[in-house]
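Below, each chain spelled out in residue letters.
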Amino acid sequence: MALKTSSCRLLFKFIHQGVVAPLAAQNALRSVLGCSSTRGYYNSGKPSYAGPGRAAHVRVVDLRSDTVTKPGPAMRQAMAEAEVGDDVMGEDPTVNELQKIAADMFGMEAALFVPSGTMSNLIAVMVHCRERGDEVIVGDLSHLHIYEQGGSAQLAGVHSTTVTTLPDGTFELEQLESKIRHGYPDPHYPRSRLVCVENTHNIQGGRVLPLAFLQEVRALADRYGLSVHMDGARVMNAAVAQGVPPSAILQHTDTVSVCLSKGLGAPVGTVLAGPKDFISRAVRCRKALGGGMRQAGILAAAGKLSLQNMIGRLEEDHGNAKMFAQALLDCNPNLFAVDLAAVETNILRFRLQDLSLSPREFCDRMAQVSESEEAALGQGIQVLMYPHFGNSVRAVWHLGISPEDTQLAIQKMQFVVSQHVMENIRAQ
């Protein structure tokens, strides 16, 4: 209630002061941001605007992704002091230690350190689907299906069929069962081999898959002799949100890919985990894809620190995301559509209800700094977000964003809304 009251007062102040930022820079902003599609949050290039007093007065709150995290002093020191060897020969002690820590934590027999989550998922598909023409069943809004360049088909010769992703990141079990092929070895059809799930679910806003759903998927897969792979890039966020160890989630999967370079803060790397024979074959696939690194302990040292020290702090990211979501709901006028119950982890998706303010324009305004803003707020605030899937805006919290930064983002949002309201009043 206090946040809502202060939001309304601030908006009232902005409107009656006549604080309206110039809009002339917006076309240039669009070209710099380069986010012209609903899938644009992977665009590279940090927007930079030479607004008044930028060097001294502008604060940047980067909510584009949790991939923008940077290693801190302790992590850099661990990397500098890491004991190394040739990992392709299996002789890097730091890599071996990371892999053992991960396997134990995930409740798996073995683990493998790989350069990226995309490579890790591709390796999993290659190992589970051993013959060209095998088939994997994935959600139609899954990262593996949309954002990984169709690598399963392009590089592994594996066909994909999709099930409809529901708003909570799950899918209907009846539909899943209907997608399983039963004609093998009929030469007309691919052979169903693998079911992939994503936890937390990226496009659906960091949704956590219920344990009961995972249990049912595993039971169905077992019934038909299929394997289950989890794209668990943010599974640690899921574990923290559900208050369970990651092994409680992963007991329902055969294999998992866990990213170290998102909320856990490492600069590089993903861990792929599963049975020993699976990992033995995964080593061969990693080598074929160019992922065999030599003295990789320098990177693995950061991963070790991530798994040992960074998991507990994810709860702060979840809280900050909820704080911003609540501020959107409390905004007057009611410009934003937010399902607060769906804000389960560090990813927030929201929509704008005023058709005169598009997601792209909102993101442009959040990123620009004007003289009027500095006069009203005492400083300039750049909040970096991207337009996202389904005509929405996506914001992601991470270790680089503090509660204070979140409050600054709220202030900037309130200022942008006040500008928009004042412009509408003047246009009448």
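Residues numbered from 1 in each chain as written. Predicted model: local features only at pLDDT ≥ 70, side-chain atom pairs only at ≥ 80, totals over all residues. Heavy atoms only, no water.

## Section: the nonpolar core
Counting residues in hydrophobic clusters, the biggest one holds 50 residues, and the most contacted among them are F106 and F113. Counting residues per element, this core draws most heavily on helix α5 (residues 93–106), at six residues. By size, the runner-up hydrophobic cluster in this structure holds 36 residues, among which are F324, L328, F350 and A376. (Core = buried A, V, L, I, M, F, W, Y, C linked by side-chain atoms within 4.5 Å. Buried < 20%, exposed > 50% of the residue type's maximum accessible area, 1.4 Å probe, protein only. Helix = DSSP H or I, 4+ residues; strand = E, 2+ residues; numbered from the N terminus.)

## Quick word on the sheet that holds strand β12 (residues 386–388)
Strand order in this open sheet of four strands is β9-β10-β13-β12, and the pairing throughout is antiparallel. Bordering the open sheet on either side are β9 (336–337) and β12, each of which pairs with just one other strand. In terms of strand pairing, strand β10 (residues 347–352) meets strand β13 (residues 392–396) through four bridges, oriented antiparallel. For R349, the partnering residue across the bridge sits in β13 and is R394. The sheet contacts of helix α15 (residues 314–330) involve β9 and β10, and relative to β10 the element is tilted by about 15°. (Pairing = 2+ DSSP bridges. Contact = heavy atoms within 4.5 Å. Axes fitted to C-alpha atoms, helices over the stretch in contact; angles between N-to-C directions.)

## Some remarks on the UniProt feature "modified residue: N6-(pyridoxal phosphate)lysine" (unreviewed entry) in the protein chain
Listed under "modified residue: N6-(pyridoxal phosphate)lysine" (unreviewed entry) in the UniProt record, and renumbered for this structure, are K262. For K262, the position within the fold is in the loop between β7 (255–259) and β8 (270–274). (UniProt positions renumbered as here; feature names shortened; annotations may be inferred.)

## Details of the environment of S116
Residue placement: S116 occurs in the loop between β2 (110–114) and α6 (117–128). By relative accessible area, which is 29% here, S116 ends up partly exposed. In this structure, the C-alpha to C-alpha distance between S116 and V258, residues 142 residues apart in sequence, is 9.5 Å. At a separation of 3.1 Å, a polar atom in the side chain of S116 contacts the main-chain amide nitrogen of M119. (Polar contact = N/O pair within 3.5 Å; in protein donor to acceptor, adjacent residues only side chain to side chain.)

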